[in-house]
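# Chains, contacts and geometry: an overview
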Amino acid sequence: MDFMDFKNKQTTVVVVGAGFAGAAIAFHLTRLGMERVFVLEREEFPGMHASGKNAAMIRQVVPNKLISDLARGGAAFLRNLPLDWPVETKFEQNGSFFLASKKDSEKIQQDGAYAKQCGTLTEWWPIERITEFIPIIEGSPASGGLWCPTDGVIDIHSLMQGYLKSAAMNGAELKFSNAVKNIVVHHGRVCAVQTESEEIPADIVINAAGAWATELGRLAGSLNVPLTPCSRHLFVTKPLDWIKSKWPIVWDITQEIYFRPESGGLLLCPCDEEVQDPNITKNDPLILNMLAEKISHFYPRLSDLPILRSWSGLRTLTPDRQFLVGWDPCVEGFFWLAGLGGHGVTVSYSVGLLAASLIVEGNKSQSTNQFSPSRFR
Ligand SMILES: Cc1cc2nc3c(=O)[nH]c(=O)nc-3n(C[C@H](O)[C@H](O)[C@H](O)COP(=O)(O)OP(=O)(O)OC[C@H]3O[C@@H](n4cnc5c(N)ncnc54)[C@H](O)[C@@H]3O)c2cc1C
């Protein structure tokens, strides 16, 4: 397909959605010199959906090499924020343990070996040694765990503000309470977006609409990419004096449960995954039973924790659980940055850079981009 030359810095780019996807690509596009970047967000504030409702963990060992590469790049950025980064952004690198029973320990060790080969320190620890380090896991059925000392927890609100402020300082125009209602396409090419109050001419529209990306694609008549929003619940306990704020993240990949220190208490997740209509907010009380059951079977020392609050957010998944980054094969100028699943915070810097580079370099790299929407053609 004959795409236009987007090297022109005057090209108008409209980013739809101010979650981590939209904020990060706006950050990179303006840094790469694009002069006419708009970010349109339906809500009054940025990050009101998945990007503000997640567990804030930076996790570099991932069972997919491509995503793992982006995760390492994202973590490296957070460790060394640029001098002109506009917001203080705390990254607490207390590390993570990925616990596994025998059947899963080989795979997680392979993933750890790949990360190590790429320069991220990882080490396999037997369960007895981990229990000495974090006594609350006593009774865990895991045989051991992969230690990744450079993982940690990021202040997601500052990170989001940092991307957006930086983009705005470099000329991006941010418009909140501004839902995109229509995308105008002429002769197979995007030419404008319409909100309730205005029409903005656009050469490129970036679909960073998270759980609503399929809906937004429909407005443009794009490829019908089967993105599935799935709910996941998080629970936070009251502050408890026996919890150490320096404890690392503990993620049992066999039993599918994770927890980490949060505000003097613990944040816990039973790794639920239920297909969810993004237009219906749901906080399913039954998920607390699921958490309680996993705890009583596998982490008995955490039984009867006083839960203070809980919420759910949406992880948006593609059928192959890889991201969706690239030009739409049906509508010229329509670009996807979606399907970031459970990794969108960690990879935000590097997937934003990948996406912005694909745009600024035109369609040359399209064939080499393994996250391309064309794979769902
Ligand atoms: C419970 C939970 C825990 C998680 N934990 C982690 C973690 O520890 N580490 C990690 O890296 N990742 C984690 N994630 C994943 C991460 O939160 C997501 O991958 C990421 O936030 C996705 O960002 P996004 O910008 O694609 O989507 P969103 O944050 O949903 O942003 C999309 C935005 O688009 C806007 N929008 C939609 N349609 C329109 C329209 N028509 N017009 C204007 N605006 C529109 C929406 O209002 C929304 O603000 C977790 C997710 C959940 C749910």
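Here the residue numbers are simple positions, counted from 1 along each chain's written sequence. Local features in this predicted model are restricted to residues whose pLDDT is 70 or higher, and side-chain atom pairs enter the listing and the counts only when it is 80 or higher, whereas totals over whole chains, interfaces and linings include all residues. Processing note: side-chain calculations cover all non-hydrogen atoms of the structure and skip hydrogens and water entirely.

## Focus on the domain arrangement of the chain
- When the domains of the chain are assigned, the result is domain 1 (12-52 + 157-226 + 319-376) and domain 2 (96-149 + 228-317).
- On a C-alpha basis, the centroid separation for the pair domain 1 and domain 2 is 31 Å.
- Taken residue by residue, the interface counts 12 residues in domain 1 and 9 residues in domain 2.
- Once two parts are put together, the accessible area they lose, assessed with a 1.4 Å probe and summed over both, is termed the buried area. Buried area between domain 1 and domain 2, both sides added, is near 880 Å², and the carbon and sulfur share of it is 48%.
- Contact with domain 2 buries area across many residues of domain 1, yet A211, R321 and G341 alone supply 46% of it, more than any other trio.
- A side-chain nitrogen of Lys or Arg and a carboxyl oxygen of Asp or Glu constitute a salt bridge if their distance falls within 4 Å. For the pair domain 1 and domain 2, the number of links is 1 salt bridge.
- Ionic pairing is found between R321 and E273, a salt bridge with its closest N-O pair at 2.4 Å. Where each domain starts and ends follows an automatic or database-derived domain assignment. Contact definition: two residues touch when any of their heavy atoms are within 4.5 Å.

## Notes on the nonpolar core
- What we call a nonpolar core is a set of buried Ala, Val, Leu, Ile, Met, Phe, Trp, Tyr and Cys residues that are connected through their side-chain atoms within 4.5 Å. Partly exposed residues are those whose accessible area sits between 20% and 50% of the maximum for their type, while under 20% is buried and over 50% is exposed, using a 1.4 Å probe and protein chains only. I25, L29, I206, F323, V325 and F335 are the most contacted members of the largest nonpolar core, which totals 33 residues.
- Strands are runs of DSSP state E lasting at least two residues, helices are runs of H or I lasting at least four, and both sets are numbered from the N terminus onward. Of all the secondary-structure elements, those providing two or more residues to this core are β1 (12-16), α1 (20-31), β2 (36-40), α2 (65-79), β13 (204-207), β20 (324-327), β21 (334-338) and α8 (348-360).
- Here the element with the most residues in this core is α8; it accounts for 6 residues.
- Apart from the residues within four sequence positions on either side, F335 is in contact with I25, V205, I206, N207, V325, G326, W327, A355, L358 and I359.
- Residues V193, L223, V225 and L227 belong to the second largest nonpolar core, which totals 27 residues.

## Some details on the environment of R42
- Position of R42 relative to the elements: it lies in the loop between β2 and β3 (57-58).
- Taking the relative accessible area as the measure of exposure, R42 reaches 37% and is therefore partly exposed.
- Residues R42 and N224, 182 residues apart in the sequence, show an inter-C-alpha distance of 22 Å.
- With sequence-adjacent residues up to four places away left out, R42 is seen in contact with H49, S177, N178, A179 and W212.

## Some words on the environment of P270
- In this structure, P270 sits in the loop between β17 (265-269) and β18 (274-275).
- Those residues in contact with P270, other than ones at most four positions away along the chain, are H233, F235, E256, I257, I287, M290, L291 and K294.

## Points about the state of the cysteines
- Our working definition of a disulfide is a cysteine sulfur pair at a distance within 2.5 Å. Scanning the model with the defined rule gives 0 disulfides in all.
- Not part of a disulfide, C118 finds its nearest cysteine sulfur in C148, a span of 12 Å.
- Considering cysteine sulfurs only, C269 is the nearest to C230, which forms no disulfide, with 13 Å between them.
- With a relative accessible area of 4%, C230 lands in the buried category.

## A closer look at the site of the ligand
- Nearness is judged by heavy atoms alone; a residue qualifies as near a molecule or strand once a single heavy atom is within 4 Å of it. The environment of the ligand is formed by 39 residues, the closest being E41, S51, M57, G341 and T346.
- Residues adjacent in sequence count toward polar contacts only when both atoms are side-chain atoms; beyond that, a polar contact is any pair of N or O atoms within 3.5 Å, and within protein one must be able to donate a hydrogen and the other to accept it. A distance of 3.1 Å separates an oxygen atom of the ligand from a polar atom in the backbone of V345.
- Contact distances for the ligand include 2.8 Å between an oxygen atom and a side-chain N or O atom of T346.
- Accessibility throughout is a Shrake-Rupley quantity obtained with a 1.4 Å probe, and a residue counts as covered only by protein chains that appear here. Surface burial for the ligand is 96%, taken as the share of its 1,000 Å² of free accessible area covered by protein chains.
- Counting residues per element, the ones that place at least two in the shell around the ligand are α1, β14 (228-237) and β19 (307-317).
- Broken down by element, the residue count for the shell around the ligand peaks at 3 residues, all from β19.
- Each residue gets one label: Ala, Val, Leu, Ile, Met, Phe, Trp, Tyr, Cys and Pro are nonpolar, Asp, Glu, Lys and Arg are charged, and the others, such as Gly, are polar. A breakdown of the residues in the shell around the ligand according to their chemical character gives 20 nonpolar, 13 polar and 6 charged.
- Split by domain, the shell around the ligand shows at least three residues from each of two domains, domain 1 (12-52 + 157-226 + 319-376) and domain 2 (96-149 + 228-317).

## Remarks on the sheet that holds β21
- Two strands are counted as paired when DSSP detects at least two bridges linking them. A sheet is described by the order of its strands in space; here 6 strands give the open sequence β9-β2-β1-β13-β21-β20, paired in mixed fashion. Either end of the sheet is taken by a strand with one partner, and the two such strands are β9 (173-175) and β20. Strand-to-strand, the axes of this sheet are offset by a mean angle of 15°, without reference to chain direction.
- Docked against the sheet, helix α6 (residues 213-220) engages β1, β13 and β21, running at close to 175° with respect to β21.
- Only C-alpha atoms enter the line fits that serve as axes; for helices the fit covers just the stretch in contact. Angles between N-to-C directions range over 0 to 180 degrees. Seen against the sheet, α8 touches β13, β20 and β21 and runs at an angle of roughly 10° to β20.

## Some words on the pattern of salt bridges
- Inspection of every chain in the model, using the stated rule, returns 14 salt bridges.
- Connected via shared salt-bridge partners are E173, K175 and E198.

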